[in-house]
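The residues making up each chain are set out below.
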Amino acid sequence: MSTYIAAIDQGTTSSRCIVFDHGGAIVSVAQKEHRQIFPKPGWVEHDAEEIWANVLDVVHGALQKASLTVHDLAAVGITNQRETTLVWDKATGRPVHNAIVWQDTRTDQLVKELGEQNRFRDKCGLPLATYFSGPKVRWLLDHVDGLRDRGERGEVLFGTMDTWLIWKLTGRHVTDVTNASRTMLMNLETLDWDDELVDAIGVPRAMLPEIRSSAEVYGTATGTLEGVPVASALGDQQAALFGQTCYSPGEGKCTYGTGSFLLVNTGDKPVVSENGLLTTVGYKIGDQPAAYALEGAIAVTGALVQWFRDKMGLIGSAPEIETLARSVEDNGGAYFVPAFSGLFAPHWRSDARGVIAGLTGYIDKGHIARAVLEATAWQTREVVDAMNADSGVELTTLKVDGGMTANNLLMGFLSDVLDVPVVRPIVAETTCLGAAYAAGLAVGYWSDTETLRENWHKAAEWLPTMDARTRDKGYRKWKKAVERTVGWIDEDDNDE
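To start, this report covers the structure provided alongside it. Keep in mind that what you see is a predicted model, and the values were worked out from it rather than measured.

### Considerations on the sheet that holds strand β21 (residues 397-401)
No. 1: Read across the sheet, 7 strands follow the order β17-β18-β16-β15-β21-β22-β23 without closing on themselves; strand pairing throughout is mixed. Here the strands that pair on one side only, and so sit at the sheet edges, are β17 (278-283) and β23 (458-462). Pairwise comparison of adjacent strand axes, ignoring direction, gives a mean angle of 30 degrees for this sheet.
No. 2: As paired strands, strand β15 (residues 251-256) and β21 are joined by 5 bridges and run parallel to one another. From the neighbouring strand, Gly 252 faces β21, where its bridge partner is Leu 398.
No. 3: The sheet contacts of helix α12 (residues 365-391) involve β15, β16 (260-267), β18 (291-298) and β21, and relative to β18 the element is tilted by about 145 degrees.

Here it is, written out as structure tokens:
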């Protein structure tokens, strides 16, 4: 049996390849950044050919670093930046336009024309927004000469970045259910393209990829990975959920970076959110039923620590905030709501702006530092409460990854306000690990998900110690502070 599994992580700013062994440990890593192209305000593009060249480079680099060849690989898996949209010529393989990146807002007017925000939510689990792939394809069809006619004839192909890489590696035009669930074109119940959605958004069916599971052999690679089965695809946040072995309803993970993404496994039925969350496919392993998830996005978490460092100058480096926050016993009654560009889940208030509430003469920079850290925990609590209300499944454990998890004070406080254990794994590269796990299951490298659970080892765990009265009082005050953030933006403020 081949000894290793490789995972390609095609991200927003870079592409990586990580090689894992049977224990889920990292053997080697290679990474390369690609250009961010900004043709107009609000527009963000990537050169898909550059990304493909970089992917080949990092695959070669990761193998070389560990003195491996393709014969040492049992399979390769793919995880990717979600919603980024590409159309290419079926005959030549050349993109007809740069990829339109998930952050791009050029479809704003189109989204408004398509109707009320929740028009398609019952079918696809998503609100109408510029974020998703469907409107981006429609924009390309409307703005690239002759593209719609070519799409109707099946001469051009649509895909997200997983589809592009699978096509380049194997020649097959497929996507997986997790990426398809971010297009606004897939029905969450049937796990297939939905005629009503496809027609309403205006995308020819002939250009859509086949939707497959997240873990199966899509084809055998040619070129650099000659002969290696390409055996998994998952969007990056779903891959992290899978890499964190959140295989039972109620198990969730949160990735703490600049902002944060919290996903909770809700089992084998999609739960349509009443509380501003996204319904998405968590993963689907071969012929097994799909596992669904609820997703909540928090806009400002690590970015608040960066603001505290760079704009306030109260610390010299991000880790120093923990030392400063530990210089006081508590927040002194101060609460910081970082609504720098409005409030995201579960509020969705674009008129909100940040506040520090509860200031008195007693407050010093230590109290503010503590309030900065606590803001991440309280925001997570709001999203978890929304998830519990939507799903009827109580969060049992929160598995965490990302840069902020190095902050022990924050992780302990997070456990206190959620009243559940918070656990950080030894292998922090959970996105790549999830893609590797799914690929390994597809080819029998790992036998089942129980084996993967045994691979998962915690590096640290925090258990709640706060009493319920203190927790409830703190949460009430946080909610009062949140109320102070809304209504700050008047219509004439937009003229600035």
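Following the structure, the description resumes.
### A word on the nonpolar core
No. 1: Leu 262, Phe 308, Ile 321, Val 372, Leu 398, Leu 414 and Trp 478 are the most contacted members of the largest nonpolar core, which totals 60 residues.
No. 2: In terms of residue count, α12 provides more of this core than any other element does, 12 residues in total.
No. 3: Discounting chain neighbours no more than four positions away, the residues touching Leu 398 are Gly 252, Lys 253, Cys 254, Tyr 256, Leu 262, Thr 380, Leu 414, Leu 418, Val 420, Pro 421, Val 422 and Val 423.
No. 4: Counting residues in hydrophobic clusters, the runner-up holds 40 residues, among them Leu 141, Phe 158, Ile 201 and Ala 290.

### Structural notes on the state of the cysteines
No. 1: This model, assessed by the stated rule, comprises 0 disulfides.
No. 2: Looking at the unpaired Cys 17, the closest cysteine sulfur is the one in Cys 432, lying at 7.5 Å.
No. 3: Cys 254 takes part in no disulfide bond, and the closest cysteine sulfur to it belongs to Cys 246, at a distance of 11 Å.
No. 4: Classification of Cys 254 by relative accessible area gives buried; the value is 0%.

### Observations regarding the sheet that holds strand β2 (residues 14-20)
No. 1: Pairing in this open sheet of 6 strands is mixed, and the strands run β3-β2-β1-β5-β14-β13 from one edge to the other. Since the sheet does not close on itself, it has two edges, and those belong to β3 (26-33) and β13 (215-220), each with one partner. When strand polarity is set aside, the average angle formed by the axes of neighbouring strands in this sheet is 25 degrees.
No. 2: In the sheet, strand β1 (residues 4-10) pairs with strand β5 (residues 73-80) via 7 bridges, with the strands oriented parallel.

### A few points about empty space enclosed by the protein
No. 1: Summed over the entire model, instances satisfying the criterion amount to 1 cavity of 30 Å³ or more.
No. 2: Empty space within the largest cavity amounts to approximately 90 Å³.
No. 3: If you trace the largest cavity, you find 13 residues lining it, with Ile 298, Leu 343, Phe 344, Ala 345 and Gln 379 closest to the centre.
No. 4: Looking at the lining of the largest cavity, the element that brings in the most residues is α12, giving 3 residues.
No. 5: Among the residues making up the lining of the largest cavity, the classes are represented as 9 nonpolar, 3 polar and 1 charged.

### Focus on the packing of helix α1 (residues 48-65) against helix α6 (residues 161-170)
No. 1: Axis separation between α1 and α6 bottoms out at 11 Å; the angle between their running directions is 60 degrees. Classed by the angle they form, the pair α1 and α6 counts as oblique. Classified by chirality, the crossing of α6 by α1 is right-handed. Judged by residue contacts, Ala 48, Glu 49, Ile 51, Trp 52 and Val 55 of α1 engage Met 161, Trp 164, Leu 165, Lys 168 and Leu 169 from α6.

### Notes on the packing of aromatic side chains
No. 1: One pass over the structure, following the stated rule, counts 15 aromatic pairs.
No. 2: Arranged with centres 5.6 Å apart and planes meeting at 85 degrees, the rings of Trp 378 and Phe 413 form a pair that is edge-to-face. Here Trp 378, found in helix α12, pairs with Phe 413, found in helix α13 (residues 408-418); they are 35 residues apart in sequence, far enough to count as distant. The pair Trp 378 / Phe 413 is uniform in exposure class, with both members buried.
No. 3: Aromatic side chains Tyr 437 and Trp 446 sit 5.0 Å apart centroid to centroid with 90 degrees between the ring planes, which places their arrangement in the edge-to-face category.
No. 4: Residue classification places Trp 446 among the buried residues on the basis of a relative accessible area of 1%.
No. 5: Three or more aromatic residues link up through ring pairs in this structure, and these residues are Trp 88, Trp 164 and Trp 167.
No. 6: Of note, Arg 381 hangs over the ring of Tyr 475, and the distance from its end group to the ring centre comes to 3.9 Å.

The rules behind these values
Residues numbered from 1 in each chain as written. Predicted model: local features only at pLDDT ≥ 70, side-chain atom pairs only at ≥ 80, totals over all residues. Heavy atoms only, no water. Pairing = 2+ DSSP bridges. Helix = DSSP H or I, 4+ residues; strand = E, 2+ residues; numbered from the N terminus. Axes fitted to C-alpha atoms, helices over the stretch in contact; angles between N-to-C directions. Contact = heavy atoms within 4.5 Å. Core = buried A, V, L, I, M, F, W, Y, C linked by side-chain atoms within 4.5 Å. Buried < 20%, exposed > 50% of the residue type's maximum accessible area, 1.4 Å probe, protein only. Disulfide = S-S within 2.5 Å. 1 Å grid on protein atoms, 1.4 Å probe; cavity = no way out; pocket = protein on both sides within 12 Å on 5 of 7 lines; lining within 4 Å. Points joined across faces, edges and corners; volume = space filled by probe spheres on them. Nonpolar A, V, L, I, M, F, W, Y, C, P; charged D, E, K, R; others polar. Parallel < 35°, antiparallel > 145°, perpendicular 65-115°, else oblique. Left-handed = near helix turned anticlockwise from the far one by under 90°. Phe/Tyr/Trp six-rings, centres within 6.5 Å; stacked < 30°, edge-to-face > 60°. Lys NZ or Arg CZ within 6 Å of the ring centre and 35° of its normal.

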